[in-house]
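The lines below spell out each chain.
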Amino acid sequence: MKAEKVAHLRDKLKQGDKSLVGNRGYRRFLKIEGKGHFIVDENQIKNEERFDGVWVLRTNTDYPAEKAMAYKSLWMVEDIIRTTKSILDTRPIYHKCDETIRGHVFCSFLALLLKAELEKRLTEKGDCRVRM
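Residues numbered from 1 in each chain as written. Predicted model: local features only at pLDDT ≥ 70, side-chain atom pairs only at ≥ 80, totals over all residues. Heavy atoms only, no water.

## Remarks on the pairing of strand β1 (residues 30-33)
Then step 1. As judged from the 4 bridges shared by β1 and strand β2 (residues 37-40), these two strands associate in the antiparallel manner. Looking across to β2, one finds that I32 is bridged to F38.
Then step 2. Linkage of β1 to β2, two consecutive antiparallel strands, is achieved through a turn of 3 residues, within which G36 is found at a positive phi near 85 degrees. (Pairing = 2+ DSSP bridges. Helix = DSSP H or I, 4+ residues; strand = E, 2+ residues; numbered from the N terminus.)

## Describing the nonpolar core
Then step 1. Ranked by size, the top nonpolar core spans 9 residues in total: V6, L9, L13, Y26, F29, L30, F38, V40 and I45.
Then step 2. When contributions to this core are tallied by element, the ones reaching two or more residues are α1 (3-15) and β2.
Then step 3. By residue number, the principal contributor to this core is α1, which donates 3 residues. (Core = buried A, V, L, I, M, F, W, Y, C linked by side-chain atoms within 4.5 Å. Buried < 20%, exposed > 50% of the residue type's maximum accessible area, 1.4 Å probe, protein only.)

## Details of helix α6 (residues 98-125)
Then step 1. Its 28 residues place the ends of α6 41 Å apart at the C-alpha level, agreeing with the 40 Å of an ideal helix rising 1.5 Å per residue.
Then step 2. Among the residues making up α6, those that are buried are S108, L112 and E119.
Then step 3. In the stretch just after α6, G126 is the one whose phi turns positive, near 90 degrees. (Expected span 1.5 Å × (residues − 1).)

## A closer look at a nonpolar patch on the surface
Then step 1. On the surface, F51, V54 and V56 cluster together to form a nonpolar patch covering roughly 240 Å² of accessible area.
Then step 2. By secondary structure assignment, the location of V56 is in the loop between α4 (42-48) and α5 (65-88).
Then step 3. For V56, a relative accessible area of 44% corresponds to the partly exposed category. (Patch = residues over 30% accessible without salt bridge, like charges linked within 9 Å, V, L, I, M, F, W, Y side chains within 5 Å. Areas by Shrake-Rupley, 256 points an atom, 1.4 Å probe, with all protein chains shown as cover. Salt bridge = Lys/Arg side-chain N within 4 Å of Asp/Glu carboxyl O.)

## A look at the environment of H104
Then step 1. Locating H104 in the fold gives a position in helix α6.
Then step 2. A C-alpha to C-alpha distance of 8.9 Å links H104 and I93, two positions 11 residues apart in sequence.
Then step 3. Among residues more than four places away in sequence, those in contact with H104 are I93 and H95. (Contact = heavy atoms within 4.5 Å.)

Purely spatial values, then, with no claim about function.
This is the structure we're talking about:
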């Protein structure tokens, strides 16, 4: 576990330990001390350090690892599309032909690239009105 996360966990624990129990990311690094208070489980932190720098996929399905990883990629693509649509403030448009779908996606992507390039150039020129 990264040192910054451990430090953040320790700071949160000083503020009140009960709120951390609901946080799944931190909960596994806590153990109960004598009177119902929580402390940092140093053994669990050392155990997790072996995963530092390694991408670990954790799932509650019975899918094989390859199939679960494919769904991770699909989620990332859907997130990119959702972000693109929100940036461009597009509304749903229903197409009937593959060509019009491709054209719509191409135009949306091209508009996003042009917007990003314009913002980059304005920022380089020092225009303070640009919001990234």
